[in-house]
Amino acid sequence: FLSHRERRDKNNNQDISCNNYTQIETMERKPFEFETTEDHKPYSDGGGSNLTSTVDSSGDEQKKLVYRGWKVMPYIIGNETFEKIGIIGTLSNLLVYLTQVFNLKKYTAATIISAFSGTINFGTFFAAFLCDTYFGRYKTLSVAVIACFLGSLFILMTAAVPGLHPTPCGTKSSCQGPNGGQVLFLLLGLALLVVGAGGIRPCNLAFGADQFNPKSESGRKGINSFFNWYFFTFTFAQIISLTLVVYIQSNVSWTIGLSIPVGLMFLACVIYFAGHNLYVKVKASGSPLAGIARVIAAAIKKRGLKPVKKPCSDLYNHIPPNYANSTLKYSDQFRFLDKAAVMTPEDKLKPDGTASDPWNLCTMQQVEEVKCIVRVIPIWLACAVYYVAITLQMTYPVFQALQSDRRLGSGGFKIPGATYVVFLMSGMTVFIIFYDRVLVPSLRRVTGLDNGITLLQRIGSGIFFALLSLLVSGFVEERRRAIALTKPTLGIEPRAGEISSMSAMWLIPQLVLAGIAEAFAAVGQMEFYYKQFPENMKSFAGSIFYVGSGVSSYLASFLISTVHKTTEHSRSGNWLAEDLNKGKLDYFYFMLTGLMFVNMVYFLLMAKFYRYKVTNDEANSVIKTNEEETKENQQQDKSYV
């Protein structure tokens, strides 16, 4: 039931653990409030539908909340599939679109894409704040899917209306760039996509997990499996976008190719709203950021106080009856935060037991919730650096493919450069199935853990595969450039350089390794954040994953810009030249490999000192299970005698 690390923490904390659970065990705790509709009624389908009793705010009327679980997944995953095909179909080839239709340089286009991706990912934090504080996940998603549809429509118009894009460049060496109005209209479409994607990404996964009953065994297993299959659907949608949609955009027509995402986004809206009466809709529970700020402010005010000897009994820990979060065990980490729960003669209490000034006195429960977040931050930083590898594997392999032999067979068919990223998605998709159906059951028999390995072990495995991916990328690019410089070429790629005779299929290994890294780290991160954050911050748990991706996008832009400016006038030549044959892209990959190695060492150190969140319910469950196991062993001994 506990990993090696958790068992060690349990032993280390025995002297400070709270043994008096009288208040916690007898305390009534009100669940989150839920929105109800006429069709959202109790029912029994004979298949063990999960029904959970909930009490409203007055406490008089008892209702039955229906967790339909996998029954509503066609609506949620269907919406997710078509939304991802639509938005990725719009964005996946945007790098080529900006260079070929808007006549931007590769360096400028790559910088815009990285900055745009970072802005989307940072927008998830703001969307999560609005979601958890004011609107709830259902209403936030409703606005977001409509914004995505409108954003895709605006991008389509930049291709369909001649006045909204520059004059085609063709084979000219110098091209006319976009004017101010054209750039403004393009940015308006991208801004709508930021609003849409920023709202969907942090809320959709948590909204899907809300449909499972977390108190039932089948519900918990459903949540664990849902994370894997959510990302499977996500990558499947990306594969469709990077093959069919990208091919139509590159070889048939940009207008037709961008019309497909618009139609799919409209279909995603229809599917999402069709399940309106079936969803479990968790209402917003107020700003969780205020509670975090109060703990930090109170701890700073009381920084001069001495630590208490017995935290469990000496710290203030009044828990009101309507508290939604699970009660947490005391943890002997970041003890400077404990001072926020130390009562002084100046602290006054209200008749109901709550603090008169919550900015000066917090409960031990609130302090432990802040500790959960503080413990996650070092892990999150390592994951943000990890994602630099994935971000760059989405961009520069496209340029490598354009200057490699992309012919398939003898018919002269050429695979579009942006389509090669599909091998990253394919590697992730196939490995997720292998991991969920083969690897986890096998590891479960060895480790005894429900997930086979711990979440931090899964993330660490992803970082290792990302390191391998960058190392292989450097060697492949070294070979591609050497063949281009020493052997006959296949022609000239417009605005780039000569095409190497090396097959672009040599890019597959690095992309597959990056896909396996994502199967480990991306899914592991999302599940890690979801389970380690307090219940009223589930949307924030989703957003922190994408904020980390945003940080990595900006870090990738910074690295690209710095290396470009530093090496542009050096004797060895520009590492990131427009013509890759004249650059040193392999040096750039090797530099990133060193960065990833340092990051992996840092992650291992942080993971060594990490302690997983343990609630009192889980602790009592473990104690109860151990007692049952002891009784069973005693009975077996008697039978043997």
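Just so it is clear, the structure is predicted and the values come from calculations on it, not from any experiment. (Residues numbered from 1 in each chain as written. Predicted model: local features only at pLDDT ≥ 70, side-chain atom pairs only at ≥ 80, totals over all residues. Heavy atoms only, no water.)

Quick notes on the pattern of salt bridges
Side chains that differ in charge, positive against negative, can pair when their charged atoms come close. The final tally for this structure, using the stated rule, is ten salt bridges. Taken together, the shared-partner salt bridges connect Asp-332, Arg-335, Asp-338, Glu-368 and Lys-371 into one network. (Salt bridge = Lys/Arg side-chain N within 4 Å of Asp/Glu carboxyl O.)

Examining the packing of helix H16 (residues 538-567) against helix H17 (residues 585-608)
Contact geometry for H16 and H17: axes closest at 12 Å, N-to-C directions at 130°. One finds that H16 runs oblique with respect to H17. Viewed along their axes, H16 and H17 form a crossing whose handedness is right-handed. Contacts from Leu-559, Ile-560 and Val-563 in H16 reach Phe-588, Met-591, Leu-592 and Leu-595 in H17. (Axes fitted to C-alpha atoms, helices over the stretch in contact; angles between N-to-C directions. Helix = DSSP H or I, 4+ residues; strand = E, 2+ residues; numbered from the N terminus. Parallel < 35°, antiparallel > 145°, perpendicular 65-115°, else oblique. Left-handed = near helix turned anticlockwise from the far one by under 90°. Contact = heavy atoms within 4.5 Å.)

Quick look at the packing of aromatic side chains
Across all of its chains, the model carries 30 aromatic pairs by this definition. Judged by centre distance (5.8 Å) and plane angle (80°), the rings of Tyr-386 and Tyr-387 are edge-to-face. Among the residues examined, Tyr-386 registers a relative accessible area of 1% and is labelled buried. A relative accessible area of 15% places Tyr-387 in the buried class. Ring centres 5.7 Å apart and planes at 75° place the aromatic pair Tyr-396 and Phe-399 in the edge-to-face group. In this pair, Tyr-396 and Phe-399 are both assigned in helix H12 (residues 396-402), three residues apart and thus about one turn of the helix distant. Summarising the burial analysis for this pair, Tyr-396 and Phe-399 share the class buried. Within the aromatic cluster, the residues linked to one another by ring pairs are Phe-431, Phe-434, Tyr-435, Phe-464, Phe-465 and Phe-520. Above the plane of the ring of Trp-506 lies Arg-479, whose end atom (NZ or CZ) is 5.6 Å from the centre. (Phe/Tyr/Trp six-rings, centres within 6.5 Å; stacked < 30°, edge-to-face > 60°. Buried < 20%, exposed > 50% of the residue type's maximum accessible area, 1.4 Å probe, protein only. Lys NZ or Arg CZ within 6 Å of the ring centre and 35° of its normal.)

Let's talk about the nonpolar core
Ranked by size, the top nonpolar core spans 150 residues in total, and within it Phe-231, Tyr-386, Leu-456, Phe-528, Tyr-529 and Phe-588 carry the most contacts. Those residues in contact with Leu-456, other than ones at most four positions away along the chain, are Ile-379, Phe-528, Phe-603, Ala-607, Tyr-610 and Tyr-612. (Core = buried A, V, L, I, M, F, W, Y, C linked by side-chain atoms within 4.5 Å.)

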